[in-house]
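# Structural description and commentary
The residues making up each chain are set out below.
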Amino acid sequence: MHHFSDRLNAAIRSKKTPALVGLDPRFDWLPEEIVSAAEAKHSSKAEIVAAAFEEFCFRMIDVVAPLVPAVKPQAAFFEEWGPAGCLALQRVIKRAREAGLVVICDAKRGDIGSTAEAYARAYLAGADPESAIWAADCLTVNPYLGSDTLQPFVKVAVERGAGIYVLVRTSNPGAGTFQDRKTDGHTLYECVAAVVNDLALNTTGNGHYGAIGAVVGATYPEELTQLRELMPHTPLLVPGYGSQGAGAGDVAGAFDAEGLGAIINSSRGINFAIRKEPYFEKFAPEEWEQAVEAATHDMIADLAEHTPAGKLQ
Ligand SMILES: O=C(O)c1cc(=O)[nH]c(=O)n1[C@@H]1O[C@H](COP(=O)(O)O)[C@@H](O)[C@H]1O
């Protein structure tokens, strides 16, 4: 299957859930056994952290691969540790794909056209895992430099059977400072949404959804519902569920009538479930993988109960 949305939707249907697990490792919160094993093998801090991130993410992947269609490694946490971190990111992406997961690399890239193409070639492997160094299925992209700068990402994505998610209305508290600015009666995010939906429509292949998607935060449910209507051919990546305060009710408007059209991300809420109730009470610290598994099941059940994604069950 060469088309990104076809592969994503097949994975969503087969796992019967749109739950997306973010891989956002934080060194200070890692399980003790993983940190000490990395310290025993390496001497520099960067190498210790990178080895610990890799092991933690590998074990996260082992737990969630049977349960969810996709994972989203956050490149920032790996890049912070230089070459060792970048190598760990590469291995985590590879491992997740080998486990049958759709991999969205969250690196929020964007630059003038000729540079953008280099970013696209670096991250978008799409259907062929050998075609890029960071061999993800999909990349998050920042559209601030203009619609021409999206073109190289679209071109490489279509060639390789990959996808991109363009930032349209983000989940952070200050999202509105630029994105809600109005010109000629339209907000900036509505202008970006129109461009993104055109790109989606031009890349639909045989299905309803294009290879070009949009990032829309769960923390603004009204805008999310509005954007689902404004962007009928655009798959949505919806962060903000869990740690940022959004619940299943807030993301219900992201889906189409079949329960497709959106994937809902949770990162800290799953990775570090053991640090929070009810999992903190139920599991010992060394049972952190069981906490991850329980939190993933709970998220899946929550989405099934309160959103059209229940139709996938
Ligand atoms: O592109 C993203 O995934 C993203 C966009 C956005 O608007 N808000 C947002 O939180 N994210 C990412 O989604 C993840 C959210 O993590 P948690 O808040 O821990 O679930 C982080 O990796 C963020 O960088």
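Cut-offs and rules
Residues numbered from 1 in each chain as written. Predicted model: local features only at pLDDT ≥ 70, side-chain atom pairs only at ≥ 80, totals over all residues. Helix = DSSP H or I, 4+ residues; strand = E, 2+ residues; numbered from the N terminus. Rg over C-alpha atoms; globule rule 2.2 N^0.38 Å. Buried ≥ 20, exposed ≤ 12 C-beta atoms within 10 Å, placed from the backbone. Near = placed C-beta within 6 Å. Nonpolar A, V, L, I, M, F, W, Y, C, P; charged D, E, K, R; others polar. UniProt positions renumbered as here; feature names shortened; annotations may be inferred. Contact = placed C-beta atoms within 7 Å.

Quick look at the overall build of the protein chain now. A count of helical and extended segments in the protein chain gives 14 helices and 10 strands. Its C-alpha atoms give the protein chain a radius of gyration of 19 Å, near enough to 20 Å, the size a compact globule of 313 residues would have. Projected onto the principal axes, the alpha-carbon positions of the protein chain cover approximately 60 × 45 × 40 Å. Residues classed as buried in the protein chain amount to 54% of the 313 residues present.

In this model, Glu277 is joined to Pro278 through a cis peptide bond whose omega is 0°. Here Pro278 is to be found in the loop between α12 (268-271) and α13 (279-282). Located in the positive-phi region is Lys16, a residue other than glycine, with phi close to 60°. Along the chain, Lys16 turns up in the loop between α1 (4-15) and β1 (19-23).

Looking now at the site of the ligand. Taken together, 20 residues lie near the ligand, and Thr170, Ser171, Pro239, Ser267 and Arg268 sit nearest. Grouping the amino acids of the shell around the ligand by side-chain chemistry returns 2 nonpolar, 15 polar and 3 charged.

Bringing the UniProt feature "active site" (unreviewed entry) in the protein chain into the picture now. The sites that carry the UniProt feature "active site" (unreviewed entry) are, in the present numbering, Lys108. Mapped onto the elements of the fold, Lys108 is located in strand β3 (residues 102-109). Of the residues examined, Lys108 has 17 C-beta atoms within 10 Å and is grouped as partly exposed. With near-sequence residues (within four places) excluded, Lys108 lies in contact with Thr140, Asn142 and Leu167.

Another aspect to go through is the environment of Ala76. For Ala76, the position within the fold is in helix α4 (residues 75-79). For Ala76, a count of 13 C-beta atoms within 10 Å puts it in the partly exposed group. As for Ala76 and Lys15, which are separated by 61 residues in sequence, their C-alpha atoms are 28 Å apart.

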